[in-house]
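What the coordinates show
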Amino acid sequence: MSINATLLGQTLAFIIFVWCCMKFVWPPLMAAIEARQKAISDGLSSAERAKKDLDLAKANASDQLKEAKRQAAEIIEQANKRKAQIIDEAATGAQAEREKILAQGRAEIDAERHRAKEELRKQVAALAIAGAEKILARHIDQAANSDIVDKLVAEL
């Protein structure tokens, strides 16, 4: 019976060991495994949510980029229109300034021409008087005959 008693003792020790493991070791081990499974599951669902959020963010970024490009194109178009308007205004202003300068030049030329004609008339009158003096061989008093000189200037 010593073998049987030893075997029985070992069996009893094994049963007590299994019972202790089931009572004290198994529940914390199962809790740790379940907690780990829950953490992995939560991590996978978080990763899936993050992937969806990333896709949504990419779509938003793409939409915002398209909108920014559209706005930039609109701003460039407005700038080009404004540039054309400024060029037209400058051309119109330059044309008006050109016409003004030409009109001033013409007025100055006309005034100079008029002064030159008056000067020539006076010189011709003086020459005519000088010629008349020589022809008449006498001296004509210009102060006394100023009305004759004025009429002669007006006729020339």
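Throughout this description, residue numbers start from 1 for each chain and increase along the sequence as written. Totals for whole chains, interfaces and linings use every residue, but because this is a predicted model, local features are given only for residues with pLDDT of at least 70 and side-chain atom pairs only at 80 or more, for both listing and counting. Side-chain numbers come from the whole structure's heavy atoms, not from hydrogens or water.

Concerning the pattern of salt bridges
Put simply, the rule reads: Here, a salt bridge means any side-chain nitrogen of Lys or Arg that lies within 4 Å of a carboxyl oxygen of Asp or Glu. Secondary structure follows DSSP: runs of H or I at least 4 residues long count as helices, runs of E at least 2 residues long count as strands, and numbering of each begins at the N terminus. Here's how the labels work: a residue is buried when its accessible area is under 20% of the maximum for its type, exposed when over 50%, partly exposed in between, all with a 1.4 Å probe on protein chains only.
Enumeration over the complete set of coordinates arrives at nine salt bridges. For Asp55, the salt bridge goes to Lys51, with nearest N and O atoms at 4.0 Å. Pair noted here: Asp55 and Lys51 are both in helix H1 (residues 2-136), with a separation of four residues, about one helical turn. In this structure, the salt-bridge partner of Arg98 is Glu99, at a minimum N-O distance of 3.1 Å. For Arg98, a relative accessible area of 44% gives the class partly exposed. Linked through salt bridges whose partners overlap, the residues forming this network are Glu67, Arg70 and Glu74.

Considerations on the packing of aromatic side chains
Which entries qualify depends on this criterion: Pairs were defined over the aromatic rings of Phe, Tyr and Trp, the Trp ring being its six-membered one, requiring ring centres within 6.5 Å. Orientation was assigned from the angle between planes: stacked under 30 degrees, edge-to-face over 60, tilted for the rest.
The tally for this structure, following the rule as stated, stands at one aromatic pair. The interplanar angle of 85° and the centroid separation of 6.5 Å between the aromatic rings of Trp19 and Phe24 together place this pair among those described as edge-to-face. Take Trp19: its relative accessible area is 52%, and that puts it in the exposed class. The exposure class assigned to Phe24 is exposed, which follows from its relative accessible area of 56%.

Section: the state of the cysteines
Inclusion rule: By definition, disulfides here are pairs of cysteine sulfur atoms that lie within 2.5 Å.
For the structure shown, the criterion picks out zero disulfides. Free of any disulfide, Cys20 has its nearest cysteine sulfur in Cys21, 7.1 Å distant. We classify Cys21 as partly exposed; its relative accessible area is 24%.

Quick look at the environment of Glu99
Put simply, the test is: Here a polar contact means two N or O atoms within 3.5 Å. Within protein one must be a hydrogen donor candidate and the other an acceptor candidate, and residues neighboring in sequence count only if both atoms are side-chain atoms.
The residue Glu99 is located in helix H1 in this model. For Glu99, a relative accessible area of 37% translates into the label partly exposed. Within the structure, Glu99 has its side chain in polar contact with the side chain of Arg98 (distance 3.1 Å).

Quick notes on the UniProt feature "transmembrane region" (unreviewed entry) in the chain
For the record, the criterion: UniProt positions are given in the numbering used here, feature names are shortened, and annotations may be inferred rather than shown by experiment.
Cross-referencing UniProt, the feature "transmembrane region" (unreviewed entry) maps to residues 6-26 in the present numbering. Structurally, residues 6-26 is divided into 100% helix and 0% strand, and its ends, taken at the C-alpha atoms, are 28 Å apart.

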